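Report on the structure
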Amino acid sequence: MVAPKGSMASATTHHPPLNSHKLLRRALPNRAFALIYACAILALFYRHVKTLLRPTTAANAVAALLLLLADAVLAFMWSTTESFRLYPTRNEEFPENLEKVVGGTGGFPALDVFICTADPYKEPPMGVVNTALSVMAYEYPAEKLSVYVSDDGGSELTLFAFMEAAKFAGHWLPFCRERSLVERSPEAYFASNHCGGAETDKIKMMYERMKVRVEHVVERGKVGEDYINGDRERQVLSKWTDEFTRQNHPAVIEILLNNSRDRDIAGNVMPNLIYLSREKSKNVPHQFKAGALNALLRVSAVMTNAPILLTLDCDMRSNDPETPRRALCYLADPMTDQSQLGYVQFPQRFQGINEGDIYGGDLKRLFQINPIGMKNGPSYVGTGCFFRRRSLFGAPSAIVPLEIPELSPERCPKGPIQSEETLALAGKVGFRYGSLVEDYYTGYKLQCEGWRSAFCHPERAAFLGDAPICLIDVLNQNKRWAIGLLEVAFSKFSPVTYGVQSMGLLMGLSYAHYAFWAMWSIAITVYAFLPQIALINGLSIFPKVSEPWFLLYIFLFLGAYAQDLADFVLAGHKGTLWRWWNDQRMCLIRGLTSYVFGTIEYTLKSLGVATHGFNVTSKVLDDEQSKKYEQGLFEFGAVSPMFVVLAVAAIVNLASLLQGLTMVVAVARRSGGDVEGLVLQILLAGFGVVNCLPIYKAMFIRSDKGRMPTKVTLVSAFIASLLYTAVSLA
């Protein structure tokens, strides 16, 4: 990440420090352990080669070959993980010094906020409105703040919601300032605030009336005449005709608030609020979220062209009004090489996660653990990121020439944002195309070009979003990520070649860790089935307990898990043992489902057999699902081939464990025989069974709607029995 010039804190004789960074004490133990663990891996491969050169049977040779493949994948993924552990760094910001350094709020740069939404039914407009209101209420000069909302669903429902929000903002923003509120999302504030008062009750009633109007409109599916106030609103909403469809419509740009004319009830300037639904045609690829962000980039370049951009998901509300000031502790630091600092990334944090986080929804490794160890700064994770606009227009040393000069990041907009010339230019440069995970790809390409980043992780979450609370949504989301990451992994910009060459070995490995996420499926699938199938057949594929190699396997397993647990707990923020256990279980589940099916879908697409699209993850909370989630019950209610794979793995592991224990008992009764060579397989099957407990409950015990569908259970049992029969006859 970008370090201050000459010292560990950005202080000079003239300015107090804006940030500091230090290498964590765990760095040295991590490096020592990495050396020891690497030696153990080399010893393991020596044993594999030795076994392959002298196989006792054909079955042993096949098993040894598959284990070698699985362990090669595990070794590669371990090496990429170690790239995060060698230089773990903690950053700290001092926003109280910011105004002294930049010369008051007048020295703050203008800020454009991009919020993307795509479906009013999966992403309820009131949730998007709350996100927008929370950032409009930032402790930031309103005349320098512009909020752009991209509606990729092209829905009049979303536009209506923001028309209502623009009116409510005139009351909400001064209410927040007068009371110095920390929680500036109306929904979250009124849900947590227990201290009433006449003014609070009045604002709450206004909010509830707005909420009822918006939700009624969404429920009806259209904006009725009785909800339209005045000719201006009627004219705007008249654009939604029978020919106006989600995938085929002209561009719609509406300035809902204009800081050159609009004032709140206290007479203060209000931030700009602009609604955009970009032009779409069925005959032209629209590039999903990356396309939406680039449309916002073009529109904002013409209207306000702020040098700093903030990108937000529609459900990622602000949780701290001081957040832009924290970002400026890096982006405005005179002691940081500003010519190379491209963006400041805040971690994604989530609300509504249950006590045990059964689905690993916090994604602690991705958003909190790994970023502190990326030497040149964290990757872009799609939301909560403050960009320097200049970084999106070429490498630090050379800006990309633009065909439209008005879109240059160096241009200073003139005239009001609602002028005809401005609106015309906005319809006519950025976030990268070529992958479903445009956030990862954009951050990766920026760092390959020479840009660096900073990780800002304050104690109080800067943003809070909603994590999926339905297992099938979690798995589908991860499958989509796996496909997008594979698109980068096997492109000409692969991190293991282009990335290493452009950024160096450690950063290349860091990005490779994500690009090759789907490779976990190889190792997890092999270890979920091969040792268990061999155990059912009485075939030993691991060392005996009495052999020294047995201790090597124990060390590799326990060492990896112990270090992972240490990382998880040291990251803080509810890093409990129970949450870690659920998190590692979800890693195994994703390996057998999302990564397997993502790899299959990517392969078919590459062969031209099938194509994939982008499905928005639903943010709508079902009451019954929410109740089960709070109780810590897995949701298996959907019929999905991914659940079939999970159920087959659960049955095979249970059958092999019972078979192995039966062998142990039989040998003990005969006082003869040898099961030493099967101990590791029995332990592995037992480990699998413990991880599969929620699956067994869903298949055989539960009777609620979240249980495993009978069809899935029967199909899984049939496949497992066929597998068992085939192995027994082998």
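Residues numbered from 1 in each chain as written. Predicted model: local features only at pLDDT ≥ 70, side-chain atom pairs only at ≥ 80, totals over all residues. Heavy atoms only, no water.

Turning to the overall build of the protein, a few remarks are in order. Per the secondary structure count, the protein includes 25 helices and 15 strands. Taken against the 2.2 N^0.38 rule, which gives 27 Å for 730 residues, the C-alpha radius of gyration of the protein at 28 Å falls within 12% of a compact globule. C-alpha extents for the protein along the principal axes are approximately 90 × 60 × 55 Å. Residue burial in the protein is summarised as follows: out of 730 residues, 57% are buried. Only carbon and sulfur atoms are counted for the fraction: they give 60% of the accessible area of the protein, which is about 30500 Å². Charged side chains in the protein number 71 positive and 67 negative. The centres of these two groups are separated by 6 Å. (Helix = DSSP H or I, 4+ residues; strand = E, 2+ residues; numbered from the N terminus. Rg over C-alpha atoms; globule rule 2.2 N^0.38 Å. Buried < 20%, exposed > 50% of the residue type's maximum accessible area, 1.4 Å probe, protein only. Areas by Shrake-Rupley, 256 points an atom, 1.4 Å probe, with all protein chains shown as cover. Lys, Arg positive; Asp, Glu negative; His and termini not counted. Charge placed at Lys NZ, Arg CZ, Asp CG, Glu CD.)

Among all positions of helix α21 (residues 623–630), only S626, K628 and Y629 are buried. End-on view of α21: buried residues confined to an arc of 165 degrees, all on one side of the axis. In α21, the exposed positions angled more than 90 degrees off the buried face are occupied by D623, K627 and E630. Downstream of α21 by one or two residues, G632 has phi in the positive range, about 80 degrees. (Arc of directions from axis to C-beta.)

As a further point, take the state of the cysteines. For the structure shown, the criterion picks out zero disulfides. Unpaired in this structure, C116 has its nearest cysteine sulfur neighbour in C314, at a distance of 8.6 Å. The exposure class of C116 is buried, given its relative accessible area of 10%. This cysteine, C385, is not joined by any disulfide, and C456 carries the nearest cysteine sulfur, 11 Å off. (Disulfide = S-S within 2.5 Å.)

Here the focus is the sheet that holds strand β5 (residues 252–257). Spatial strand order, β5-β6-β4-β3-β7-β11-β9-β14: eight strands in an open sheet with mixed pairing. Of all the strands in the sheet, just β5 and β14 (452–455) have a single pairing partner and so form its edges. Sheet twist, expressed as the mean angle between neighbouring strand axes with direction ignored, is 20 degrees. Here five bridges tie strand β4 (residues 145–151) to strand β6 (residues 272–277), and the two strands are oriented parallel to one another. Residue pairing across strands places V147 opposite L273, the latter belonging to β6. Running over the sheet, helix α9 (residues 288–303) touches β3 (111–117), β4, β5, β6 and β7 (308–313) and is turned about 150 degrees from β3. (Pairing = 2+ DSSP bridges. Axes fitted to C-alpha atoms, helices over the stretch in contact; angles between N-to-C directions. Contact = heavy atoms within 4.5 Å.)

A word on the side chain of T311. Looking at the secondary structure, you find T311 in strand β7. Of the polar contacts made by the side chain of T311, one reaches the side chain of Y380; its length is 2.9 Å. Setting aside residues no more than four positions away along its own chain, T311 makes contact with F114, L293, Y380, G382, T383, G384, C385, F387 and F431. (Polar contact = N/O pair within 3.5 Å; in protein donor to acceptor, adjacent residues only side chain to side chain.)

Our next topic: unusual backbone geometry. Located in the positive-phi region is D357, a residue other than glycine, with phi close to 50 degrees. Checked against the element boundaries, D357 lands in the loop between β10 (350–351) and α11 (364–369). Of note in this structure, L363 is not a glycine but carries a positive phi near 45 degrees. Tracing the sequence through the fold places L363 in the loop between β10 and α11. The exposure class assigned to L363 is buried, which follows from its relative accessible area of 14%.

Think of a sheet as strands paired side by side through backbone hydrogen bonds, with each pair either parallel or antiparallel. Read across the open sheet, the three strands follow the order β8-β15-β10; overall the sheet is mixed. The outermost strands of the open sheet, each flanked by one partner alone, are β8 (317–318) and β10. For β10 and strand β15 (residues 463–466), the ladder comprises two bridges, and the chain directions are parallel. Counterpart to Q351 in the pairing with β15 is D466.

So, on to the pattern of salt bridges. Summed over all chains, the structure comprises 33 salt bridges. Between E139 and R184 there is a salt bridge, and its shortest N-O distance comes to 2.8 Å. Placement of E139 in the loop between α4 (125–136) and β4 and of R184 in the loop between α5 (156–179) and α6 (186–192) is noted, with a sequence separation of 45 residues between them. A residue is classified by how much of its surface remains accessible, and E139, at 24% relative accessible area, is partly exposed. (Salt bridge = Lys/Arg side-chain N within 4 Å of Asp/Glu carboxyl O.)

Mapping F346 onto the fold places it in the loop between β9 (341–345) and β10. Once the C-alpha coordinates of F346 and F386 are considered, the two residues, 40 residues apart in sequence, prove to be 8.4 Å apart. Discounting residues that sit within four places of it in the chain, F346 has contacts with T323, R326, A327, V381, T383, G384, F386, F455, C456, P458, A462 and F463.

Another point: the packing of α4 against helix α7 (residues 198–220). For the pair α4 and α7, the least separation of the axes is 9 Å and the interaxial angle reads 140 degrees. Classed by the angle they form, the pair α4 and α7 counts as oblique. For the pair α4 and α7, the contacting residues are P125, M126, V129 and N130 in the first and Y207, M210, K211, V214, E215 and V218 in the second. Along the lines of polarity and charge, the residues of the contact of α4 with α7 split into seven nonpolar, one polar and two charged. (Parallel < 35°, antiparallel > 145°, perpendicular 65-115°, else oblique. Nonpolar A, V, L, I, M, F, W, Y, C, P; charged D, E, K, R; others polar.)

Let us look at the packing of aromatic side chains. Note on aromatic pairs: each is described by the distance of the centres and the angle between the planes. For the structure on display, the rule yields 48 aromatic pairs. Relative to Y444, the ring of Y440 has its centre 6.1 Å away and its plane inclined at 10 degrees; by these criteria the two rings are stacked. On the criterion of helical spacing, the pair formed by Y440 and Y444 is a turn pair, its members being four residues apart in helix α13 (residues 438–449). A residue is classified by how much of its surface remains accessible, and Y440, at 6% relative accessible area, is buried. Note on F557 and F687: the rings are 5.4 Å apart at their centroids and 90 degrees apart in plane angle, and the pair reads as edge-to-face. (Phe/Tyr/Trp six-rings, centres within 6.5 Å; stacked < 30°, edge-to-face > 60°.)

This part takes up helix α25 (residues 710–729). Given a rise of 1.5 Å per residue, 20 residues ought to cover 28 Å, and the 28 Å separating the end C-alpha atoms of α25 matches this to within 8%. Within α25, burial applies to V712, T713, S716, A720 and V727. Down the axis, α25 shows its buried residues gathered within 95 degrees of arc, on one side only. Turned more than 90 degrees away from the buried face of α25 sit K711, L714, F718 and L729, all of them exposed. As for α25, its buried residues are in contact with α17 (520–536), α22 (641–670) and α24 (693–701). (Expected span 1.5 Å × (residues − 1).)

Along the chain, E82 turns up in helix α2 (residues 58–82). Judged by its relative accessible area of 4%, E82 is buried. Once the C-alpha coordinates of E82 and P285 are considered, the two residues, 203 residues apart in sequence, prove to be 39 Å apart. In this structure, E82 is in contact with N30, A34 and Q563, ignoring residues within four places of it in sequence.

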